[in-house]
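Results of the structural survey
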Amino acid sequence: MTNYDYDVAVIGSGPGGYVAAIRASQLNLKTVIIEEDKLGGVCLNIGCIPSKAIIHQAEIFRNTPRLEAMGISVDKTGFSYESVFKASRKAADSLSKGIAYLLKKNGVEVINGRGSLKSEHEISIGEEKVISARAIILATGSRPRELKGFEFDGETVLSSNEALMLKKIPPRTLILGAGAIGCEFAHILNAFGSEVVLVEMMDRILPLEDREITNVLKRSFTKRGIQIHTSTKAVSLRKSSEGAEVTLENEKGETSEITADKILVVTGRVPNIENLGLEQFNIETEYGYVKTGPYYQTSVESIYAIGDLTPTPLLAHVASKEGEIAVEHIAGIPSKISKVDFLSVPGAVYCEPQLAGFGLTEEKAVERNISFKKSLFPYRGTGKAVAIGEPDGMVKILLDPETEEIIGGHIVGAQATELIHQLLLAKTKGLTPHDVTDMIHAHPTLSEAVMECAKQANGSAIHI
């Protein structure tokens, strides 16, 4: 039997990598994690965490009119966006240190450096160090995708990474891409006073979400003064001392000019597969992503790949779950699942109002010719939403008309990203709306909107 330095070696310490490493250690596997930058990866350092810290402060800033409505004078002349930036970095740094603590607590060795495959069981770290492991997990994540003609320069054309590092809010911002990241930045920048233009090639913002749900956000954005151009693409860029001039072209071939101080390009992400040594082992890739089989094994039995490296939803929580599945397979633990069920993955968009959903959208159900019935309930039908001044929103449930199985759940409104898990738990445990309504919900709460929507599925909602 071959003696390896470690049972499990993980390359990359983002939400997929560090969770996999800690879980491996919990299962008594000698584990090492290799990271060339800061622990926590993109999510903790230049993604999920700092962006949510900024969004939280944007909401506080936007809500000053509520204080003024109570007769309190708010003087904003001393406001500095740099203080917002510093608070976001503090949150990111704190959690990165927290990951270091958790890895140490769980006995995971950390090696700083760039790791690449040397053999099926060996990893080169830098030019001199080589370690061996019975199993290797690749968790190197992804980076912002560049758009031809709008390459990142860090000054005028920014990626999401660079946008999070801004210390001043630009007076005018053009955002190319209205997915989750684009919409969140539109919310942030508009909240702090930037004139925002949001451009999307598809026919609506958040094209992967349910249209009826996204229309609520579109109305909110428009009311706030965010200009939205859908079915539109950016075709040319001219930089000048005044900023940048961008030519937009809509589906009819009509063009218009937009002048902006900063251009934020958020049109997708690219997996970090370069310099990993995949080619020498003929590890299969497709469209730049690593192909995996059950338990996230690559075509080489001892090598696994998780997270943004693979063609799965590019979400931190997906990477974490994939890491757990891979590690438990390495440990020989019987698993109920060999891969994540995409229809049970919650998506969350932290705008104002928030959006969250899982499973089929109404459009996807129609496209796939899947029969369904839907139930809707407006936020304004709940006492709590009205009491806290958040009446804009709705809960939407899609059901199998015969079994009443929940096949999709979607929420837009205050705390949607928290509320969605009630419906998701029901779906994953095979519960029906009847089971949701049988449970007494505290009053007044926003979760009553979920209960009432479940009641509406059989026509028994009270407050509509």
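Located above this text is the structure these notes cover.
The rules behind each value
Residues numbered from 1 in each chain as written. Predicted model: local features only at pLDDT ≥ 70, side-chain atom pairs only at ≥ 80, totals over all residues. Heavy atoms only, no water. Buried < 20%, exposed > 50% of the residue type's maximum accessible area, 1.4 Å probe, protein only. Helix = DSSP H or I, 4+ residues; strand = E, 2+ residues; numbered from the N terminus. Pairing = 2+ DSSP bridges. Patch = residues over 30% accessible without salt bridge, like charges linked within 9 Å, V, L, I, M, F, W, Y side chains within 5 Å. Areas by Shrake-Rupley, 256 points an atom, 1.4 Å probe, with all protein chains shown as cover. Salt bridge = Lys/Arg side-chain N within 4 Å of Asp/Glu carboxyl O. Expected span 1.5 Å × (residues − 1). Contact = heavy atoms within 4.5 Å. Axes fitted to C-alpha atoms, helices over the stretch in contact; angles between N-to-C directions. 1 Å grid on protein atoms, 1.4 Å probe; cavity = no way out; pocket = protein on both sides within 12 Å on 5 of 7 lines; lining within 4 Å. Points joined across faces, edges and corners; volume = space filled by probe spheres on them.

In this section: the pairing of strand β23 (residues 394-399). With six of six residues buried, β23 lies mostly within the body of the structure. Burial of the side chains of β23 extends over both faces: Met394, Lys396 and Leu398 are buried on one face and Val395, Ile397 and Leu399 on the other. Pairing analysis gives six bridges linking strand β22 (residues 373-378) to β23, with the strands arranged antiparallel. Of the residues in β23, the one forming a bridge with Leu376 is Lys396. Where β23 lies against strand β24 (residues 406-413), six bridges are found, and the strand directions are antiparallel. Residue Leu398 lies in a different strand from β24, and its bridge partner there is Gly408. From the end of β23 to the start of β24, which pair antiparallel, there are six residues, and Glu404 there has a positive phi angle of about 65 degrees.

Taken together, Leu67, Met70 and Ile72 make up a surface patch of nonpolar side chains, about 290 Å² in accessible area. Secondary-structure assignment places Ile72 in the loop between α4 (64-69) and α5 (81-105). You can call Ile72 partly exposed: its relative accessible area is 42%.

The subject of this paragraph is helix α1 (residues 15-26). Here α1 spans 16 Å end to end across 12 residues, near enough to the 16 Å set by a 1.5 Å rise per residue. Those residues of α1 that sit buried are Pro15, Gly16, Gly17, Tyr18, Val19, Ala20, Ala21, Ile22, Ala24 and Ser25. At its buried positions, α1 is contacted by β1 (6-11), β2 (31-35), α2 (41-46), α5, β6 (129-138) and α9 (316-330). Downstream of α1 by one or two residues, Asn28 has phi in the positive range, about 65 degrees.

So, about the sheet that holds strand β13 (residues 243-250). Ordered in space as β12-β13-β14, the three strands form an open sheet in which the pairing is antiparallel. Each edge of the open sheet carries a strand with a single partner, namely β12 (232-240) and β14 (255-260). Across the sheet, the mean angle separating the axes of adjacent strands is 25 degrees when strand polarity is ignored. Two elements, β12 and β13, share eight bridges in a ladder whose sense is antiparallel.

Inspection of every chain in the model, using the stated rule, returns 24 salt bridges. In this structure, Arg238 and Glu245 form a salt bridge, with 3.5 Å as the shortest nitrogen-oxygen distance. The class of Arg238 is partly exposed, set by a relative accessible area of 35%. Several salt bridges share partner residues, and in doing so they unite Asp210, Glu212, Glu362, Lys374 and Lys396 into one network.

Turning to helix α3 (residues 48-62), a few remarks are in order. Taking 1.5 Å of rise per residue, the 15 residues of α3 would be expected to cover 21 Å, and the 21 Å separating its terminal C-alpha atoms lies within 8% of that figure. Turning to α3, its buried residues number three or more, namely Pro50, Ser51, Ala53, Ile54, Ile55, Gln57, Ala58 and Phe61.

This paragraph deals with empty space enclosed by the protein. With the rule as written, the count across this model stands at three cavities of 30 Å³ or more. Space inside the largest cavity adds up to approximately 50 Å³. In terms of lining, the largest cavity is formed by Leu158, Ala163, Leu166, Pro170, Thr173, Leu189, Lys262 and Leu264.

Strand pairing in a sheet relies on backbone hydrogen bonds. The paired strands run either parallel or antiparallel. Read from one edge to the other, the open sheet built from five strands follows the order β8-β15-β9-β10-β11, with strand pairing classed as parallel. The two strands at the open ends of the sheet, each matched to only one other strand, are β8 (157-158) and β11 (227-229). As judged from the five bridges shared by strand β9 (residues 172-176) and strand β10 (residues 195-199), these two strands associate in the parallel manner. When the sheet's bridge partners are listed, Leu176 is paired in β10 with Val199. The strands touched by helix α7 (residues 180-191) are β9, β10 and β15 (262-265); relative to β10, the strand with the most contacts, the crossing angle is about 165 degrees.

Spatial relationships are all this shows, so hold off on functional conclusions.
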